[in-house]
Amino acid sequence: MTPERFRKLREVLLRRQPDLTLLMERVNKPHNFSAILRSCDAAGVFRAHVVLPERGIGVHAGIAAGATRWVPVTEHDSTDAAFRALRSEGVRLLAAHPGPAARDYREIDYTEPTCLVMGAELHGVSDTALESVDAQVVIPMEGFVHSLNVSVAAAILLAEAREQRARVGMYDASRLDPETFDRTLFEWAYPKAARRFTREGRDYPTLDDDGCWVRGN
């Protein structure tokens, strides 16, 4: 781990948003799943969520471009379970759905704690989810198709969220609590060592400004 590499990791982590997240509800194409994670990384999402399809899903490493390492994914057994967990974190649930009740996605304030709910490619967000979300959002369309590919739609929504948050300085300083920040930074910098310390039930070493382990740890 070079000092330059460590500082880059630290700079990226400083911009992570603990209250901006995305739930993939039974997205079943690996290409889309991986592309969405990449967009999450680009927008500074700290952690994503997923309700897996019945047959599971694989992640396309080339499309993800390492995003699964930088954006961990929490798996939930059902949409109801996912919504309960997310509401316990105080986030507002917004479903991407081109229905009559949907609002233009640009009218939404994404500086509030927000989770974007993206549905499966063929059927979209489930009826269960639509009945429980706080609002529905839509990307206006001018052609014959009524919706975009799920990964493209996620990228557009996350880009808007990032733009709004950047305008009010939400990427200017760390918004993670110090303990989470230090733990995540060590895991990013030394993933193999982090797994070993976890197996052994030991605390992570303290890191100095260059990413070196402080003597005595």
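Here the structure is a predicted model, which means the values were calculated and not measured.

Caption draft 1: Local environment of the pattern of salt bridges. Within the structure shown, the criterion is met by eleven salt bridges. Here E163 makes a salt bridge to R167, at a shortest N to O gap of 3.5 Å. Separated by four residues within a single helix, E163 and R167 lie in helix α7 (residues 150–167), roughly one turn from each other. The exposure class assigned to E163 is partly exposed, which follows from its relative accessible area of 37%. Exposure remark for R167: the relative accessible area of 58% places this residue in the exposed category. The residue R202 makes a salt bridge to E200 at a minimum N-O spacing of 2.8 Å. Judged by relative accessible area, which is 43%, R202 ranks as partly exposed.

Caption draft 2: Highlighting helix α5 (residues 79–88). The complete set of buried residues in α5 reads T79, A81, A82, F83 and L86. Elements that come into contact with the buried residues of α5 comprise β1 (20–25), β2 (48–51), β3 (73–76), β4 (92–96), β6 (114–118) and α6 (127–132). Directly after α5, the chain includes G90, whose backbone phi takes a positive value near 80 degrees.

Caption draft 3: Spatial organisation of a positive patch on the surface. A cluster of basic residues, R5, K8, R15, R69, R162, K192, R195, R196 and R199, forms a positive patch on the protein surface. If you list the elements that add at least two residues to the positive patch, you get α1 (3–14) and α9 (191–200). With four residues, α9 is the largest single contributor of residues to the positive patch. Residue class for R196 comes out partly exposed when judged on its relative accessible area of 33%.

Conventions adopted
Numbers given for residues are sequential positions, taken from 1 along each chain in its written order. The model is predicted, so local features are restricted to residues of pLDDT at least 70 and side-chain atom pairs to those at 80 or more, both for listing and for counting; the totals for chains, interfaces and linings are taken over all residues. Computation of side-chain values covers all heavy atoms of the structure but excludes hydrogens and water. For this document, the term salt bridge refers to a Lys or Arg side-chain nitrogen within 4 Å of an Asp or Glu carboxyl oxygen. What counts as a helix is a DSSP run of H or I of at least four residues, what counts as a strand is a run of E of at least two, and both are numbered from the N terminus. Burial status follows relative accessibility: with a 1.4 Å probe on protein chains alone, a residue under 20% of its type maximum counts as buried, one over 50% as exposed, and anything between as partly exposed. Should any heavy atoms of two residues lie within 4.5 Å, those residues are counted as being in contact. Exposure above 30% relative accessible area and the lack of any salt bridge qualify a residue for a patch; like charges then connect within 9 Å, and the nonpolar side chains Val, Leu, Ile, Met, Phe, Trp and Tyr within 5 Å. Note that accessible areas follow from Shrake-Rupley with a 1.4 Å probe, and for residues the cover is restricted to the protein chains shown. Counted charges follow a simple rule, with Lys and Arg positive, Asp and Glu negative, and His plus the chain ends left uncounted. For the purpose of locating charges, the reference atoms are NZ of Lys, CZ of Arg, CG of Asp and CD of Glu.

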